[in-house]
Number of protein chains: 2
Amino acid sequence: MNPKAASSATTLSYEQAGVNYDLIDPLKVAAQRSAAATAGHLAAHGFSEVKASRGESAYVVDVGPFYLASIVECLGSKALVADEMRQLTGKSYYDAIAQDTIAMAVNDLITVGATPLVVQAYWAAGGSDWFGDAQRAQALVEGWKRACDTCGVAWGGGETPALAGVVEAGRIDLAASCTGLINPKERLSVGDKLAAGDAIVLLASSGIHANGLSLARKLVERLPQGYLTKLPDGQSYGEALLAPTVLYSPVTEALYKAGITPHYCANVTGHGWRKLLRHQAKLTYRIAALPEVPAVLRFIQQQANQDDREAYSTLNMGAGFALFVAAGDAQRTVEIAQSLGIAATLAGRVEAGDKQLLIEPLGIRFSDEDLQLR
Amino acid sequence: MNPKAASSATTLSYEQAGVNYDLIDPLKVAAQRSAAATAGHLAAHGFSEVKASRGESAYVVDVGPFYLASIVECLGSKALVADEMRQLTGKSYYDAIAQDTIAMAVNDLITVGATPLVVQAYWAAGGSDWFGDAQRAQALVEGWKRACDTCGVAWGGGETPALAGVVEAGRIDLAASCTGLINPKERLSVGDKLAAGDAIVLLASSGIHANGLSLARKLVERLPQGYLTKLPDGQSYGEALLAPTVLYSPVTEALYKAGITPHYCANVTGHGWRKLLRHQAKLTYRIAALPEVPAVLRFIQQQANQDDREAYSTLNMGAGFALFVAAGDAQRTVEIAQSLGIAATLAGRVEAGDKQLLIEPLGIRFSDEDLQLR
């Protein structure tokens, strides 16, 4: 199905919701080129980069006894939903927002096989006043701590600047940096192990996570009851959007302890299921079984009048993280995730063939042209 | 001299310039307590934190063969000066702004004895439009790359989100995370080596660096010619403010190669020279010789009608970084810095006695009560 053909006056795409990648991408390309040109500096310290990690979700350096992985990640605009809901319900949702922020960093870091060790907080407020709301500030601290506990990482410290004139008054720009080690080095998963025959295991999402929020917020304008609109399951739209992002590092750590090393991982964030095409190899990803779609994502799809192709190309549609494992490890991978309370689906397999993602139950095909990340 | 006694209607303090630490500090304390409580998680991975690094400028973890140091740091509001100057001169100053941002992270990371290895970029713009200004975007990329080259770090990657509604339209929130290693472990400098008899070497700043900008921007309202006001040296106020922060890691790396391990380091940022009191020990820091004060800082002091005590308690006044070294290493430390083009002053010494900083040429005394950072 062609998304253009399915368009109507009421269809709302991600680009229409306000993010113009045509403006950002030239800078990204220039930055990536310049960044790649700095790798040689590591040699002066006796180290070297893992070149295959360029373009992956985290950057990896070989420091001898193990690999060092690091990342900085942004929450995005999800805090704006919490701010609106605060007005409507009086509750602070910043404990959930804190978990979202850490999830953005940790879930990316683990894709390369790293154990996250240290998280640093970046909380840039629109003014000192932001921190004067003790309930909200306390929720942020508590949620941050709890997410660190879940991931087994040390919270190293961070920055809490008041940036009036840069960050909007009453708002906060939240980000997290994360550093980890790939230890032993055999845990490195930057793609060289991925092969035809591997199984695709999808770990359940809790909802929208922190990608697609521009679209989700835009939709509110169409809803007479806004964020308080009830979903079929009785939850309000706003509450459902604020379900915190699942932290997947307990799964990857448990897999390691069980002797399972994923051949590759993809954190399903922006670009939805197209992220399953992240790896550069010419391989076909055939999906035979779909995870359950969270009510809030089905609702967004319907309200935005998106067909399945558009929805799966933008939202996680129930799959927050993809593990590509040896076929023989697939069932145990599912069981280990489920033992940690995270639903998992043995969704499909990797095959020789064109670079494409075939979502068979929906008759959808995404090809390389649908995803240009590097 | 008492700053209150010296106050007049035209005196402008840092707090008056818009940052209210009374609102931020309770959150900081709660965050620090919660962060400290997460240290135990490292044991599950076979590692442990270097407890003395809590409250220092970077967080340090013992990972066996070496120590791992990490940090995230924010530029602050300096980019607003670049934006104003762009309007006035048509030039983009984002190459300098990029260096400032990296300096905030790298200059803090090296205080614990770390070699910076990887920098990640955090560039959160107020909308996709920000990136559409190709000249400015290119300057940011070039300056970032050059600063990485100067510091010998690999630019790992980063985030370039468009955050309309969080970051102000037309603005950008810039931060950097940095990860490094303390290798060999003897390079660790978290304070246990600092002792009476040590020499204090001050490395020159290039100007205001990236602290005190709220005050500097506030002053513009008092200047009929604003940022284009000429300083005695002929440079405009705006240009002088935008001198990029000195990157000090070439000095600390060269010291290591010369066999000199600083006993302690202090990055002189917010709180000005009070940062020389950063270490927890009961020691007296006696300053006998002062570095030259950059014209822009003298100008700010005069325009804000600050006495020396207020100025030295807020601004770097020519000292961007303090090295506490064995007395016998002091002269060589000065020479090594100067061979790298960074002026250095053998400024004074550490003595047994009350916890205090005595700036003798100015008759100023700061005590522990003047600095509460932890």
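Residues numbered from 1 in each chain as written. Chains lettered and ligands numbered in written order. Predicted model: local features only at pLDDT ≥ 70, side-chain atom pairs only at ≥ 80, totals over all residues. Heavy atoms only, no water.

(A) Spatial organisation of the nonpolar core. Judged by nonpolar contacts, the single largest core of 118 residues is most densely connected at Trp123, Tyr237 and Ile300 of chain B. Here the element with the most residues in this core is helix α4 (residues 94-109) of chain B; it accounts for nine residues. Membership of the second largest hydrophobic core comes to 117 residues, among which are Cys151, Ala210, Leu315 and Ala322 of chain A. (Core = buried A, V, L, I, M, F, W, Y, C linked by side-chain atoms within 4.5 Å. Buried < 20%, exposed > 50% of the residue type's maximum accessible area, 1.4 Å probe, protein only. Helix = DSSP H or I, 4+ residues; strand = E, 2+ residues; numbered from the N terminus.)

(B) Region of interest: the environment of serine 214 of chain B. All names here are of chain B. Tracing the chain through its elements places serine 214 in helix α6 (residues 213-219). For serine 214, a relative accessible area of 14% gives the class buried. Spatially, the C-alpha atom of serine 214 lies 14 Å from that of asparagine 316, the residues being 102 residues apart in sequence.

(C) Broad picture of the domain arrangement of chain A. All names here are of chain A. Assigned domains of chain A: these are domain 1 (3-20 + 190-370) and domain 2 (46-187). Computed from C-alpha coordinates alone, the two centres of domain 1 and domain 2 are separated by 21 Å. Taken together, the contact between domain 1 and domain 2 spans 33 residues of the former and 41 residues of the latter. Both sides together, the interface formed by domain 1 and domain 2 hides about 3,000 Å², and carbon and sulfur atoms give 62% of it. (Domains from an automatic or database assignment. Contact = heavy atoms within 4.5 Å. Buried area = accessible area lost by both parts, 1.4 Å probe.)

(D) Quick look at helix α9 (residues 295-303) of chain A. Residues and elements named next belong to chain A. Where α9 is concerned, the buried positions are Val296, Leu297, Phe299, Ile300 and Gln301. Looking at the buried side of α9, the elements it contacts are α6 (213-219), α7 (237-241) and α10 (308-312). The positive-phi residue at the C-terminal boundary of α9 is asparagine 305, with phi of around 55°.

(E) Geometry of the interface of chain A and chain B. Facing 80 residues of chain A, the contacting portion of chain B comprises 80 residues. With both sides pooled, the region where chain A packs onto chain B buries about 6,100 Å², and carbon together with sulfur makes up 69% of that total. For the chain A face of the interface with chain B, the top three residues by lost area are Leu27, Val72 and Val166 of chain A, together amounting to 11%. Along the contact surface separating chain A from chain B lie zero salt bridges. Applying the counting criterion to the chain A and chain B interface returns 19 residue pairs in polar contact (both at pLDDT 80 or more). Within the residue set of the side of chain A that touches chain B, elements represented by two or more residues are α2 (21-36), β2 (59-62), β3 (67-74), β4 (115-125), α5 (134-151), β5 (154-159) and β6 (172-182) of chain A. (Salt bridge = Lys/Arg side-chain N within 4 Å of Asp/Glu carboxyl O. Polar contact = N/O pair within 3.5 Å; in protein donor to acceptor, adjacent residues only side chain to side chain.)

(F) Just unusual backbone geometry, in detail. Residues and elements named next belong to chain A. Residue proline 184 is bonded to the preceding asparagine 183 through a cis peptide linkage, with omega at 5°. Relative to the helices and strands, proline 184 resides in the loop between β6 and β7 (199-204). A positive phi angle, close to 55°, is found at asparagine 305, a residue other than glycine. Following the sequence through the fold, asparagine 305 ends up in the loop between α9 and α10. The partly exposed category is assigned to asparagine 305, whose relative accessible area is 34%.

(G) Representation of the pairing of strand β7 (residues 199-204) of chain B in the model. Residues and elements named next belong to chain B. With six of its six residues buried, β7 lies for the most part within the structure. Of the two faces of β7, both are covered, the one formed by Ala199, Val201 and Leu203 as well as the one formed by Ile200, Leu202 and Ala204. As paired elements, β7 and strand β10 (residues 319-325) share six bridges and run antiparallel to each other. Directly across from valine 201, in β10, lies its bridge partner leucine 323. Pairing geometry for β7 and strand β11 (residues 344-352), over five bridges, is antiparallel. (Pairing = 2+ DSSP bridges.)

(H) Seen up close, the relation of the copies chain A and chain B. Mapping chain A onto chain B is achieved by rotating through 180° and translating by 0.0 Å along the same axis, at an RMSD of 0.0 Å. What the superposition gives is, in effect, a two-fold axis relating one chain to the other. Within chain A, the C-alpha atom positioned nearest to the axis of rotation is that of valine 167 of chain A, 2.1 Å from it. A symmetric contact is evident, with 100% of the interface residues of chain A recurring at the interface of chain B. (Least-squares fit on C-alpha atoms with pLDDT ≥ 70 in both.)

(I) Inspection of the sheet that holds strand β13 (residues 364-367) of chain A at higher detail. Residues and elements named next belong to chain A. Spatial strand order, β8-β10-β7-β11-β9-β12-β13: seven strands in an open sheet with mixed pairing. The open sheet has two free edges, formed respectively by β8 (264-267) and β13, since each of these has just one partner strand. Between one strand axis and the next, the sheet turns by 20° as a mean value, whatever way the strands run. (Axes fitted to C-alpha atoms, helices over the stretch in contact; angles between N-to-C directions.)

(J) Molecular detail of the packing of aromatic side chains. Taken as a whole, this structure holds 24 aromatic pairs over all chains when the rule is applied. Here the aromatic rings of tyrosine 94 of chain B and tryptophan 130 of chain B are separated by 5.3 Å at their centres, their planes lie at 70°, and the arrangement is edge-to-face. Of this pair, tyrosine 94 of chain B sits in helix α4 while tryptophan 130 of chain B is found in the loop between β4 (115-125) and α5 (134-151), placing the two residues 36 residues apart along the sequence. Tryptophan 130 of chain B matches tyrosine 94 of chain B in its accessibility class, with the two residues each being buried. One cation-aromatic arrangement involves lysine 185 of chain A over tyrosine 67 of chain A; the distance from NZ or CZ to the ring centre is 4.8 Å. Of note, arginine 136 of chain B hangs over the ring of tryptophan 130 of chain B, and the distance from its end group to the ring centre comes to 4.0 Å. (Phe/Tyr/Trp six-rings, centres within 6.5 Å; stacked < 30°, edge-to-face > 60°. Lys NZ or Arg CZ within 6 Å of the ring centre and 35° of its normal.)

(K) Spotlight on the pattern of salt bridges. Under the criterion given, the structure shown has 35 salt bridges over all chains. Among the ionic pairs, arginine 332 of chain A bridges to aspartate 329 of chain A, the shortest N-O distance being 4.0 Å. A relative accessible area of 38% places arginine 332 of chain A in the partly exposed class. Where arginine 278 of chain B meets glutamate 56 of chain B, a salt bridge forms, and the shortest distance between an N and an O atom there is 4.0 Å. Here the residue arginine 278 of chain B occupies a position in the loop between β8 (264-267) and β9 (283-287), and glutamate 56 of chain B occupies one in the loop between β1 (48-49) and β2 (59-62), the gap between them amounting to 222 residues. For glutamate 56 of chain B, a relative accessible area of 11% puts it in the buried group.

(L) Up close: the sheet that holds β4 of chain A. Residues and elements named next belong to chain A. On the basis of which strands lie adjacent, the open sheet formed by six strands has the order β1-β2-β3-β6-β4-β5 and mixed pairing. Either end of the sheet is taken by a strand with one partner, and the two such strands are β1 (48-49) and β5. Two strands pair when backbone bridges link them, and β4 and β5 are joined in this way by five bridges, in the parallel orientation. Within β5, the position partnered with glutamine 120 by the bridge is glycine 157. Sheet strands in contact with helix α4 (residues 94-109) are β3, β4 and β6, and its direction is about 40° off that of β6.

(M) Main features of the side chain of glutamate 351 of chain A. All names here are of chain A. Position of glutamate 351 relative to the elements: it lies in strand β11 (residues 344-352). Classification of glutamate 351 by relative accessible area gives buried; the value is 14%. There is a polar contact of 2.8 Å between the side chain of glutamate 351 and the side chain of arginine 286.

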